[in-house]
Structure formats: structure tokens, C-alpha cells
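Below, each chain spelled out in residue letters.
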Amino acid sequence: MPVAMRQLVVIKTGSTIKALAQQRGDVEHWILAGMGLTADEAQVSVVDVRSGEPLPPYETLAGVTITGSHDMVTDRLPWSERTAAWLPGLVERGIPTLGICYGHQLLAHALGGRVAMNPHGRSIGSIDVTLDPAAAGDPLLAGLASPLAAYVSHTQSVIELPPGARRLAATPRDPHHAFVVAGCAWGVQFHPEFDGPIAAAHVDAFRAALEEEGQDPDALLAACPPTSPTAAVLARFREFACGTKKRDGPGVFNSGE
């Protein structure tokens, strides 16, 4: 009997701005495009946990990506907590996992870290992310320049890393901007699926809130580059999940290939 194909699954925890979705598709489409995939391919599945769709069995998974969201991890919404209870099983089994923004925070929360409102306020647009020395040997971040221009849009952050996590990147506002656990599960606060126009659309959507907070939306727009080198993270994650990067057993990357 043929072995069933393991899938790359996108756990959808949120949607983008309505007008932007009509023009460019939703967040799962951007993530999959960054991996060189589309949502209608046999090796891909999108699970919208907000609508109660069941989380897939671990044995069916090649890799999992968790999207961003406009919701807050600290609200402990039922669908979010259900997903959080499922995430440690991915790490225990060495299943490649990538949490983006909300997904980054949810992964940290699920593994015993702490998420809260960022005391420095909202981060949006483009920022410089400083890579830690540990990133030099990381399969997703190795070789990227530091500081790294990255797109962001968030108000909550990982305040404490989960036990056993290794920090990979930081900013003055987010000291735990990227981390890895067990060599197979990553959280990144930045959005590797964004491009310049998507980042700019988020600034415009929150213009009133930014002005109330004392931020200058026009200056943020002017600082958004057309692309970000963080886009490479998605293609590298697909390579890792599909086995084209070598691992020394469950979740352990072999940097000597």
C-alpha cells in the first residue's frame, strides 16, 4: 500500500485587512507563495482554527506554519488555546514548525513562555533586527545580514522565552524577536510573507491609531523598503521541512552538509 504524502500545513489564526485580501489574497497565500507553493497543491493544507476546523494528526505532517492574527494571545480565545495545546506535540515529534508574529507568540506561550502587551507600544512598518551569534548556524537565518530589515505589525510580544529556547534575534523593542526550540520549531516576530506594499497597507490601516500614539505614519511609510531579506526564511523553511536540508535525527540540523 502506498504511503500517504505528508503535508505542509498552514494554521490560519487570522486574516489580513479586507481591502488588501481582495487585491492580494490572504495571509496563507502570501506564506505559501514565499515557499513557492499554492493552496491548491496536494502537498499543502490550510486549517482555519478560528472556524473550528480540526487540527491534523501529527503523523500526516511534513511541516507546520502558524500565521499572524489581529487577535491577542493573552485573550486566551478557545480556538487559540486549543491550538496551543496541540503545538507541543509538534516539538516532541521533531516536526518542523514556524510561528509568524501571532504564531511566534502562540508557540512561545504553548511551550511555557510568556506573552504580554509590548511595554514600548506598537511596532509597524520596517525595523532593523539584530541577529544573535547563534543565528549564524541556523538553517533559516544563516548568512542573512545583521541588522536585518524586516516588516512588522504587532502590539504584543514574547516577554519571556519558553524553557530550552535559544534566542536568535532581537530589537530594542522586542528582546526575543526570534527563537528556536529543539532545532525544529521557530518563532519569528517579523513577517517574512510581507512585501513593501503589504507593509505600507498595514501602516495606512492603522494611521489613526498611530497618530494617537504619537507615531508618524508618513515617516513609517517612507522607511518601508520594497522587499525584505527575511523573505528567504519561508523558502528555507520549506527546504527544511521537506528534507532537503539534513538533520541529525528529530529536529536537529546538520550544518556540515
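As shown above, the structure is provided for reference.
Here the structure is a predicted model, which means the values were calculated and not measured.

How each quantity is defined
- Residues numbered from 1 in each chain as written.
- Predicted model: local features only at pLDDT ≥ 70, side-chain atom pairs only at ≥ 80, totals over all residues.
- Heavy atoms only, no water.
- Helix = DSSP H or I, 4+ residues; strand = E, 2+ residues; numbered from the N terminus.
- Rg over C-alpha atoms; globule rule 2.2 N^0.38 Å.
- Buried < 20%, exposed > 50% of the residue type's maximum accessible area, 1.4 Å probe, protein only.
- Pairing = 2+ DSSP bridges.
- Axes fitted to C-alpha atoms, helices over the stretch in contact; angles between N-to-C directions.
- Contact = heavy atoms within 4.5 Å.
- Core = buried A, V, L, I, M, F, W, Y, C linked by side-chain atoms within 4.5 Å.

(A) Up close: the overall build of the protein chain. The helix and strand inventory of the protein chain stands at eight helices and eleven strands. Relative to the 2.2 N^0.38 estimate, which gives 18 Å for 257 residues, the radius of gyration of the protein chain is 17 Å and therefore close to what a compact globule would have. When the backbone C-alpha atoms are referred to their principal axes, the protein chain occupies close to 60 × 40 × 30 Å. The buried share among the 257 residues of the protein chain stands at 52%.

(B) Molecular detail of the sheet that holds strand β3 (residues 61-66). Across the sheet, nine strands lie side by side as β2-β1-β3-β4-β11-β10-β9-β6-β7; this open sheet has mixed pairing. Two strands in the sheet have a free side with no partner beyond their single neighbour: β2 (44-48) and β7 (148-154). Strand-to-strand twist of the sheet, defined as the mean angle between neighbouring strand axes without regard to direction, takes the value 25°. As defined by bridge partners, strand β6 (residues 123-131) adjoins β7 across seven bridges and the pair is classed as antiparallel. Bridge assignment links Val129 to a residue of β7, and that residue is Leu148. Strand contacts of helix α3 (residues 78-92): β1 (7-12), β3, β4 (97-100), β10 (178-181) and β11 (185-188), with the helix running at about 135° to β3, the strand carrying the most contacts.

(C) A look at the environment of Met72. Relative to the helices and strands, Met72 is located in the loop between β3 and α3. When its relative accessible area of 24% is taken as the criterion, Met72 is described as partly exposed. Sequence separation between Met72 and Arg82 is ten residues, and the spatial gap between their C-alpha atoms is 14 Å. Setting aside residues up to four positions removed in sequence, Met72 forms contacts with Tyr102, Met117, Thr155 and Gln156.

(D) View of the nonpolar core. Leu98, Leu141 and Trp186 are the most contacted members of the largest nonpolar core, which has 32 residues in total. In terms of residue count, helix α8 (residues 232-241) provides more of this core than any other element does, five residues in total. Residues Trp86, Leu87, Val115 and Val181 belong to the second largest nonpolar core, which totals 28 residues.

These figures come from the coordinates and say nothing about function on their own.
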